[in-house]
Each structure stands twice: as C-alpha cells, then as structure tokens.
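The residues making up each chain are set out below.
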Amino acid sequence: MLIRSPVDVPPSEITPREVYLDRRRFMQAGAAATLALLGGNAAAGLLAKPSPWSTGEAPNSRKDITSYNNFYEFGTSKSDPADSAQTLRTAPWSVVVEGEAGKPRRFAIEELLKIAPLEERVYRLRCVEGWSMVIPWVGFPLASLLRLVEPNSRAKFVAFESLADPQQMPGVKSRVLDWPYREGLRIDEAMHPLTILAVGLYGDVLPRQNGAPIRLVVPWKYGFKSIKSIVRIRLQEAQPVTSWSTANPSEYGFYSNVNPDVDHPRWSQATERRIGEFFRRKTLPFNGYAEQVAGLYRGMDLRRFF
Ligand SMILES: Nc1nc2c(c(=O)[nH]1)N[C@H]1C(S)=C(S)[C@@H](COP(=O)(O)O)O[C@H]1N2
Ligand SMILES: [Mo]
C-alpha cells in the first residue's frame, strides 16, 4: 500500500485540522438532530456556529422562551402551547417548496437540516402585543433553501403555511383564525441574510411549542410573521394572503415591520416589556435592525405600508 507522506501532499489537498474537525462535528450533530426528530423527544445537541448576525444582548432563559408562547393552533393563552403541543408529531415531516421556481420539490426534514451549516443566531423577538424576548435560535438562512429551487422572475413574494391538523392541534377546531396559519414576505425580505429558518434553540432541537420542527424567524418584524411548524412554502407573483391581515386588515398589515411610530389601533407600539424585566423599554425602529434592513423600504410610506 502506498502511503503518501505529508510532504508529498500538495497544500490544496490538506484539509486544515480545524475545518476537518468542524465538519466532522457538524455531521455528528446532524445525525444526532435527525435521531432526536425521529425519536420525537430525545434531547440531542445541535451544533451551531455562532453567527455575526447575533445581538450581544443576554438571551432570555430557556424556561421563559419555552413556557410563554403564542401558537394559536394549541390555544390562545400563553401557557397553552407548552401544555398542549406535546401531541404534535414532528417526524416524519417534510416541507413542499413550490410555485414560481425552476426546481420545485418536497424536502424531508432530514434534508433541511443539511442545507447549510447550522448557525446560532441570537435575535430579539418583538411581539405585536408589546412584549419582547431575546432568543438563541439555531438555524440557517431561508435564502439557502430558496436558491436550491431556483426562483424565476415571477417570484416576487413567498407564501408560508403551517400544519393545520385538528387531530394534533386542538386550537384548529376553534375559529380564532382562518387555518392554516398563513404568512408571507416579499422576495427581497425572504432572501435577506437576517431571515432564517430555525430548527432549534439553546443548542437543541426546537421544542414543539416554539414551532417544531421548522419555523421562520424574521427579527425586524412583529413576531406573528415568524410562522411556526411550516409545511408549505410557495414562490408567487401576487402578495400572499396572511392570517392576521385577513382576520383584521386595519390592525395587521402585510409588512408588519416593528415601528414605534405607527401605533396599533388599540395600543401604542412605542415601548415594550422584555420578559423577565420590570421596566418597559423603548421599541426601536425595525426592532433594532434598521441598519441592516431599512434600505429594503427606501421610498415607501411606512404608515401606509404598515
Ligand atoms: N403557526 C403559528 N405561528 C406563529 C403563531 C401562531 O399562533 N401560529 N404565533 C406568532 C406570534 S404572535 C409570535 S409572537 C411568535 C412567538 O414565537 P415563540 O412562541 O417561539 O416565542 O410566533 C408566531 N408564529
Ligand atoms: Mo406575537
């Protein structure tokens, strides 16, 4: 057997040790996550690289993040999702990516976990109700998935749908919203590097109440844009119909960018209460992400396009 000594190997063929170890750890993490998803509950670490897009702010506790939730498919009170979502079957799971694309197809969750290296993104989340949290998500850019299906020139918007199974989701039997939960983004918002699909938080697979096994996170918009437990993503020419603007068009617009200057008709949006804190703090334009995203809306009247 011929064994090449290191000096014979051209430098371009040598994988730096760090990169190699990293790659191996990512593969192991992917396998562990798949097992956890298949097994339903097993706690398994999701290895994620820290991302430069993270805020330096201290995250909320795992307890806060997993016990104070909005997920109306499981009821409308903050404790309902943690209590009732444990019946959600997260495996098998797949997401259809269809519409105005050259290569539309269905992706199994196992494939989605491998689309791009997983990153830890510590993001602020501002709910339209006036509270906020800081959450250490694990995910990857939505753009990485969309590029795989090759959007065509008619793909101006992206529509998203959650699972709506009354067998697993008791809230779907009620009429609070028109199911399935629907959301949408303009294509440039969807392709923005801050927009991620989250598959975990605090280094573990996503708890069911937070939208397992895969949910959207758009940190500069009100929390309701960050749709949970996604089963369908459609590229389309028309602006998508969304659950909240259908339920109440004067209160919830399509854009829903966090904006302290545009009040909700029934309450001010100027301040927020960070869960775990006592005093309210000022809400920042675009939830503090103005530097990164304000350019997407240049020339638009943000009172009209709220
Ligand atoms: N499918 C679905 N997605 C949803 C919701 C919902 O009721 N159903 N609630 C939204 C709202 S109002 C908020 S504030 C966030 C909350 O996410 P979290 O519970 O993980 O903090 O999820 C959003 N995504
Ligand atoms: Mo929300």
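Residues numbered from 1 in each chain as written. Chains lettered and ligands numbered in written order. Predicted model: local features only at pLDDT ≥ 70, side-chain atom pairs only at ≥ 80, totals over all residues. Heavy atoms only, no water.

As recorded by an unreviewed UniProt entry, the protein chain carries the name Protein-methionine-sulfoxide reductase catalytic subunit MsrP and is attributed to Chitinilyticum piscinae. Checking UniProt for the protein chain, the heading Subunit (unreviewed entry) contains the comment "Heterodimer of a catalytic subunit (MsrP) and a heme-binding subunit (MsrQ)." Turning to the protein chain, the UniProt record has this under Sequence similarities (unreviewed entry): "Belongs to the MsrP family." (UniProt positions renumbered as here; feature names shortened; annotations may be inferred.)

(A) A look at the site of ligand 1. The environment of ligand 1 is made up of 17 residues, and the closest members are Asn69, Tyr72, Glu73, Ser162 and Lys228. At 2.7 Å, a backbone N or O of Tyr72 approaches an oxygen atom of ligand 1. Between a nitrogen atom of ligand 1 and a side-chain N or O atom of Glu73, the distance comes to 2.8 Å. For ligand 1, whose accessible area on its own is 540 Å², the fraction buried by protein is 98%. More than half of the atoms of ligand 1 fall within 2 Å of the grid points belonging to the largest pocket. (Near = heavy atom within 4 Å. Polar contact = N/O pair within 3.5 Å; in protein donor to acceptor, adjacent residues only side chain to side chain. Areas by Shrake-Rupley, 256 points an atom, 1.4 Å probe, with all protein chains shown as cover. 1 Å grid on protein atoms, 1.4 Å probe; cavity = no way out; pocket = protein on both sides within 12 Å on 5 of 7 lines; lining within 4 Å. Sits in = over half its atoms within 2 Å of the grid points.)

(B) Representation of the layout of surface pockets within the structure. Of the volumes computed, that of the largest pocket is approximately 440 Å³. Every residue lining the largest pocket is counted, 27 residues in all, and those nearest its centre are Asn70, Phe71, Cys127, Gly223 and Phe224. Residue contributions to the lining of the largest pocket peak at 4 residues, all from strand E5 (residues 131-141). Per-class residue counts for the lining of the largest pocket are 17 nonpolar, 6 polar and 4 charged. (Points joined across faces, edges and corners; volume = space filled by probe spheres on them. Helix = DSSP H or I, 4+ residues; strand = E, 2+ residues; numbered from the N terminus. Nonpolar A, V, L, I, M, F, W, Y, C, P; charged D, E, K, R; others polar.)

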